[in-house]
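# Examination of the molecular architecture
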Amino acid sequence: MCSWCWGFAPVIQSVQQTYSQQFPIHIFLGGLGRDTHEPLDANGKKSIREHWEHVHQQTNQPFNFEFFERDGFIYNTELACRAVVTARRLYPDRALDFLFHLHHAFYKQLRDVTDPLTLFDLAEEFGFDSTAFKTDYNSSEARQETETDFDATKGMGVSGYPTLCIGNPENGYSVMTVGYRPWQEIEAGINTWIKSTSN
């Protein structure tokens, strides 16, 4: 539910298409807005709308601004993050694509990804086993793994979203970007890293 992550989605898809045969891609959920419990007020809507407009202008990703006509929306991201963690637990090779599926549902279709029933529908539409998904989503293990992700990203010093890192235990890890960068810059950075570690 981070608009810059939605803006960055085509870049990550390019990373996936270009490099997934060379190295695995791991998703960690950051928990932006996980402690929000009050509905968006006028100031909150204004602030988020400005972000959405900026992301749209810079990335050309589509947004449905009818979202801001909705009243009573609580912008809490824990449930949507847990849905991605559940996908990762059950279908690790499809978790990233499921994240894109949720992005599209939220930003283009105005589907409420803070509602578990909506998340279960989206999982079923994506081809996941609905019973298995619902059971794991509601498990203490999925809840704990989601919190572990939140703690891990905080522990790694992530200060903005999206953050893209590359590396391995042998060579260490490098930050490709904190925040949005276009594909050409990301591709160049990854290729430089690959070249530096293959020498």
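Residues numbered from 1 in each chain as written. Predicted model: local features only at pLDDT ≥ 70, side-chain atom pairs only at ≥ 80, totals over all residues. Heavy atoms only, no water.

## A closer look at the overall build of the chain
When you go through the chain residue by residue, the secondary structure sums to eight helices and two strands. Helices (α) and strands (β) of the chain occur, in sequence order from the N terminus, as α-α-α-α-α-α-α-β-β-α. In terms of overall size, the chain behaves like a compact globule, its C-alpha atoms giving a radius of gyration of 17 Å where 199 residues would be expected to give roughly 16 Å. If you line up the chain on its principal axes, its C-alpha atoms span 55 × 40 × 30 Å. When each of the 199 residues of the chain is scored for burial, the buried share is 43%. Across the chain, contacts joining residues at least 24 apart in sequence account for 72% of those joining residues at least 6 apart. Surface summary for the chain: the accessible area is close to 10800 Å², and the carbon and sulfur share equals 49%. Placing the 16 positive and 26 negative side-chain charges of the chain at their respective mean positions leaves the two points 2 Å apart. (Helix = DSSP H or I, 4+ residues; strand = E, 2+ residues; numbered from the N terminus. Rg over C-alpha atoms; globule rule 2.2 N^0.38 Å. Buried < 20%, exposed > 50% of the residue type's maximum accessible area, 1.4 Å probe, protein only. Contact = heavy atoms within 4.5 Å. Areas by Shrake-Rupley, 256 points an atom, 1.4 Å probe, with all protein chains shown as cover. Lys, Arg positive; Asp, Glu negative; His and termini not counted. Charge placed at Lys NZ, Arg CZ, Asp CG, Glu CD.)

## Remarks on the pattern of salt bridges
Considering all chains together, one arrives at 10 salt bridges under this definition. In this structure, Arg 89 engages Asp 136 in a salt bridge whose closest nitrogen and oxygen atoms are separated by 2.7 Å. With Arg 89 in helix 3 (residues 78-90) and Asp 136 in helix 6 (residues 130-137), this residue pair connects regions lying 47 residues apart in the sequence. Using a relative accessible area of 12% as the deciding quantity, one classes Asp 136 as buried. Across the pair Arg 89 and Glu 145 runs a salt bridge whose closest N-O atoms are separated by 2.9 Å. Taken together, the residues span a long stretch of sequence, with Arg 89 in helix 3 and Glu 145 in helix 7 (residues 140-155) at a distance of 56 residues. (Salt bridge = Lys/Arg side-chain N within 4 Å of Asp/Glu carboxyl O.)

## Considering helix 3
Note: α-helices contain 3.6 residues per turn, so residues at a spacing of three or four share the same orientation. Spanning 13 residues, helix 3 covers 18 Å between terminal C-alpha atoms, matching the ideal 18 Å at 1.5 Å per step. The buried fraction of helix 3 is high, at 11 of 13 residues. Taken together, the buried positions of helix 3 are occupied by Glu 78, Leu 79, Ala 80, Cys 81, Arg 82, Ala 83, Val 84, Val 85, Thr 86, Ala 87 and Arg 88. Buried residues belonging to helix 3 abut helix 4 (95-107), helix 5 (116-125), helix 6 and helix 7. (Expected span 1.5 Å × (residues − 1).)

## With respect to the packing of helix 1 (residues 3-19) against helix 2 (residues 42-59)
Two numbers describe how helix 1 lies on helix 2: the axes approach to 9 Å, and their chain directions differ by 15°. Classified by the angle their axes make, helix 1 and helix 2 are roughly parallel. Our pair here, helix 1 against helix 2, has a crossing hand that is right-handed. Counting all contacts with helix 1, which are made through Ser 3, Trp 4 and Gly 7, the residues of helix 2 involved are His 51, Trp 52, His 54, Val 55, Gln 58 and Thr 59. (Axes fitted to C-alpha atoms, helices over the stretch in contact; angles between N-to-C directions. Parallel < 35°, antiparallel > 145°, perpendicular 65-115°, else oblique. Left-handed = near helix turned anticlockwise from the far one by under 90°.)

## Comments concerning unusual backbone geometry
Trans peptide bonds make up the majority, and among non-glycine residues the majority have a negative phi. Geometrically, the link from Tyr 161 to Pro 162 is a cis peptide bond, its omega value of -10° lying close to zero. Relative to the elements of secondary structure, Pro 162 occurs in the loop between helix 7 and strand 1 (163-168). A positive phi angle, near 70°, is found at Asn 60, a position not held by glycine. Relative to the helices and strands, Asn 60 resides in the loop between helix 2 and helix 3.

## Some thoughts on the pairing of strand 2 (residues 172-178)
Sheet topology note: the strand 1/strand 2 ladder contains six bridges and is antiparallel. By the bridge assignment for strand 2, Asn 168 is matched with Gly 172. Connecting the antiparallel pair strand 1 and strand 2 is a turn made up of three residues. (Pairing = 2+ DSSP bridges.)

## Quick word on the packing of aromatic side chains
Remark: the centre distance and the inter-plane angle together describe each pair of aromatic rings, the angle taken between the planes. Tallying each qualifying case throughout the model produces 31 aromatic pairs. For the pair Phe 133 and Tyr 137, a centre-to-centre distance of 6.3 Å together with 15° between the ring planes defines the contact as stacked. Highlighted residues: Phe 133 and Tyr 137, both in helix 6, separated by four residues, approximately one helical turn. When sorted by exposure, Phe 133 lands in the same class as Tyr 137, which is buried. Across from the ring centre of Tyr 137, 4.4 Å away, lies the NZ or CZ of Arg 82, which sits over that ring. (Phe/Tyr/Trp six-rings, centres within 6.5 Å; stacked < 30°, edge-to-face > 60°. Lys NZ or Arg CZ within 6 Å of the ring centre and 35° of its normal.)

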